[in-house]
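What follows is the residue order along each chain.
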Amino acid sequence: MKNNLLDAFLTNWISLLVSAILIGLLYVLARKRVNFGYRVLLALGLGLVAGIFFNTFKIDATSVGTIGTIYVNLVKMLVIPLVFVLVITSITSISSLGQLRKIGIKTISLFLVTTGIAALIGLLVALAFDPGAGISQTIPSSFKPRDIPTFSQVILDLIPTNPISDMAAGKVVPVLVFAFFVAIAIVHVGTKKPEAVKPVKQVIDSFTQVMHQVTKYIIRLTPYGVYALIATMAAKYGLETLAPLAKVIAATYVALIIHFIFTFGGLVTFVAKVNPFKFFRKAYPTIAIAFTTRSSYVTLPVNMEVITKRLRVSPRIASFVAPLGATMNMNGCGGVWPAVVAIFVARVYNIPLGITEYVLLVLVSMISSIGVAGVPGPASISTTVVLTALGLPIEGLGLVLAIDAVVDMGRTAVNATGTTVCALLVANSEGEFDRESFNRDEEDQLELNHA
């Protein structure tokens with residue numbers, strides 16, 4: 001009888017040995033209280049080097065990927081309970097429904113505007129790079145176009161039917177909606193019978209503190225998870241897979257970097273009137289974890305801590321904006337990427353686009369980035385919607401499948417950073433940003449420098 005455990009060890013022993021040594025190094029640095037951000041950055045570099053080594057010498061790294069998956073699953077474990085209690089806590093802390101409405105409008109407006117700017121930047125950079133030039137029209141046989149959800153299906157996907165089953169299925173948006181109704185009910189009942197809701201609020205507050213502690217435990221594992229995730233990806237794709245679509249990758253990352261520096265940096269500098277270098281340094285854990293895990297949901301617990309403990313935004317604003325941003329703020333996935341892919345596909349299939357199509361591209365990107373919040377695979381869905389709106393063949397999306405994982409790292413980092421920026425702007429406008437503490441570099445390290 002075949003022993004799967006023994007077989008896995010025999011085929012992966014080299015990658016496991018190398019990984020054990022490197023993870024051991026990261027552990028030693030943690031014991032020496034080396035800064036958490038530096039260890040994450042080092043883990044990213046070590047993972048990249050190790051992954052290229054595994055790929056070059058055809059060394060199986062499947063078991064290393066299991067380590068990364070364990071880390072991602074542990075963080076996913078936090079998302080549903082955190083979203084539920086944080087939304088309730090944030091809404092019940094707001095004194096009036098009018099104030100809640102004002103914060104909600106500001107938040108969603110910022111999401112839409114920044115996504116529109118991202119789409120415009122993606123469009124201009126793609127036109128400059130002309131990434132489709134010289135690319136073959138061969139479509140991968142494994143490509144299966146995603147179905148575009150109807151408007152009514154999008155709405156239905158946002159509405160909870162059974163909150164417990166939605167939680168079990170990991171459907172964040174329906175859980176967020178359910179938590180919203182519970183929170184509004186607590187506020188409504190509390191205005192008439194404060195004593196009736198007091199026990200409920202105490203339970204939620206207590207559970208929130210417990211979840212914050214669980215979050216600290218799991219965030220400490222981040223450098224090890226980051227190493228495993230990056231090593232596995234580099235081992236799987238290598239450098240030769242990326243060469244034919246290098247211009248698409250380059251155009252995407254240039255657009256993402258421009259949006260990151262000028263849009264986010266400009267908003268932080270001129271609207272929030274904050275030193276952008278200090279802001280991005282403080283936001284670094286969010287950026288690094290989003291980049292390596294490729295998931296806004298997985299990044300959410302870390303982002304919550306960064307926004308409140310490092311950027312000094314009030315927990316009330318952070319716990320409202322961050323969960324919403326993890327589902328609806330898609331500057332990278334819904335803004336830059338659909339624009340770059342649309343120009344790429346139009347060039348490959350020799351379909352001319354004019355100024356009308358360019359304006360339509362930006363508008364559809366903004367709308368679809370919000371509209372597909374309840375649907376899995378938002379980048380693919382948003383891109384499919386944009387391609388369809390412009391009359392481009394959706395089969396063209398199959399041409400960029402090979403690089404999706406590579407560009408998804410940058411897309412997700414921009415998504416999560418955009419949420420962080422929006423939280424700062426909303427808090428600043430509401431007088432809930434502790435500017436003095438931020439400028440004095442008062443930061444709670446959240447015990448992240450422990451092993």
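This text follows the structure it describes.
Residues numbered from 1 in each chain as written. Predicted model: local features only at pLDDT ≥ 70, side-chain atom pairs only at ≥ 80, totals over all residues. Heavy atoms only, no water.

### A word on the overall build of the chain
A count of helical and extended segments in the chain gives 19 helices and zero strands. Per-residue burial over the chain gives 53% buried out of 451 residues. Relative to all contacts within the chain whose residues are 6 or more apart in sequence, the contacts with residues 24 or more apart total 85%. With an accessible surface of roughly 19800 Å², the chain has 67% of that area assigned to carbon and sulfur atoms. (Helix = DSSP H or I, 4+ residues; strand = E, 2+ residues; numbered from the N terminus. Buried < 20%, exposed > 50% of the residue type's maximum accessible area, 1.4 Å probe, protein only. Contact = heavy atoms within 4.5 Å. Areas by Shrake-Rupley, 256 points an atom, 1.4 Å probe, with all protein chains shown as cover.)

### Here we look at unusual backbone geometry
Even without glycine at this site, D130 takes up a positive phi of about 50°. On the secondary structure map, D130 appears in the loop between α4 (97-129) and α5 (151-158). Judged by relative accessible area, which is 24%, D130 ranks as partly exposed. With phi around 60°, R294 is a residue other than glycine that occupies positive phi space. The topology assignment puts R294 in the loop between α12 (284-293) and α13 (296-310).

### What about the nonpolar core?
Ranked by size, the top nonpolar core spans 132 residues in total, and within it Y227, F279 and V313 carry the most contacts. At 14 residues, the largest contribution of residues to this core is made by helix α3 (residues 62-92). (Core = buried A, V, L, I, M, F, W, Y, C linked by side-chain atoms within 4.5 Å.)

### Focus on the packing of aromatic side chains
What the rule picks out here adds up to eight aromatic pairs. Considering the side-chain rings of F433 and F438, the 5.5 Å spacing of their centres and the 65° angle between planes classify their relative orientation as edge-to-face. Each member of the pair F433 and F438 is classed as buried. By way of ring pairs, the aromatic residues F260, F264, F279 and F280 are connected into one cluster. Here the basic side chain of K282 rests over the ring of F438, its NZ or CZ set 5.0 Å away from the ring centre. (Phe/Tyr/Trp six-rings, centres within 6.5 Å; stacked < 30°, edge-to-face > 60°. Lys NZ or Arg CZ within 6 Å of the ring centre and 35° of its normal.)

### Some thoughts on the packing of helix α14 (residues 315-328) against helix α18 (residues 404-429)
Packing of α14 against α18 brings their axes to within 9 Å, and their N-to-C directions diverge by 145°. As α14 packs across α18, the resulting crossing turns out to be right-handed. Contact residues: α14 offers I317, V321, A322, G325 and A326, while α18 offers T419, C422, A423, V426 and A427. Here the contact of α14 with α18 is built from residues that sort into eight nonpolar, two polar and no charged. (Axes fitted to C-alpha atoms, helices over the stretch in contact; angles between N-to-C directions. Left-handed = near helix turned anticlockwise from the far one by under 90°. Nonpolar A, V, L, I, M, F, W, Y, C, P; charged D, E, K, R; others polar.)

### Examining a nonpolar patch on the surface
Residues W13, I14, L17, I21, F53 and F57 make up a contiguous nonpolar surface patch of roughly 600 Å² in combined accessible area. Here the element with the most residues in the nonpolar patch is helix α1 (residues 4-31); it accounts for four residues. Relative to the elements of secondary structure, F57 occurs in the loop between α2 (36-56) and α3. (Patch = residues over 30% accessible without salt bridge, like charges linked within 9 Å, V, L, I, M, F, W, Y side chains within 5 Å. Salt bridge = Lys/Arg side-chain N within 4 Å of Asp/Glu carboxyl O.)

### Observations regarding helix α10 (residues 246-271)
Look at α10: 36 Å from first C-alpha to last across 26 residues, which is about the 38 Å you get at 1.5 Å a residue. The sharpest bend along α10 reaches about 25° and sits at G265. Positioned one or two residues after α10, K273 has a phi angle of 55°, which is positive. (Expected span 1.5 Å × (residues − 1). Bend = angle between axes of the 7 residues up to and from the residue.)

### Some remarks on the side chain of S365
With respect to the helices and strands, the residue S365 is situated in helix α16 (residues 355-371). Side-chain polar atoms of S365 contact the backbone oxygen of L361, separated by 2.8 Å. Dropping the residues within four chain positions of it, S365 is found in contact with T115, A119, G334, G335, P338 and V386. (Polar contact = N/O pair within 3.5 Å; in protein donor to acceptor, adjacent residues only side chain to side chain.)

### Some points on the pattern of salt bridges
This structure, assessed with the given rule, holds seven salt bridges. Put simply, E432 and R316 hold a salt bridge, and the shortest N to O gap is 2.0 Å. Residue E432 is located in the loop between α18 and α19 (435-439), and its partner R316 is located in helix α14; the two are separated by 116 residues in the primary sequence. The same class applies to E432 and to R316, which are both buried. Among the salt bridges present, the one from E436 reaches R440, with a minimum N-O distance of 3.7 Å. You can call E436 exposed: its relative accessible area is 57%. The structure contains a network of salt bridges with shared partners spanning K102, K106 and E430.

### As for the side chain of S15
On the secondary structure map, S15 appears in helix α1. From its side chain, S15 meets the backbone oxygen of N12 in a polar contact 2.9 Å long. Polar side-chain contacts of S15 include one of 2.7 Å to the backbone oxygen of D60. Aside from chain neighbours lying at most four places away, what touches S15 is F54, I59, D60, A61 and V64.

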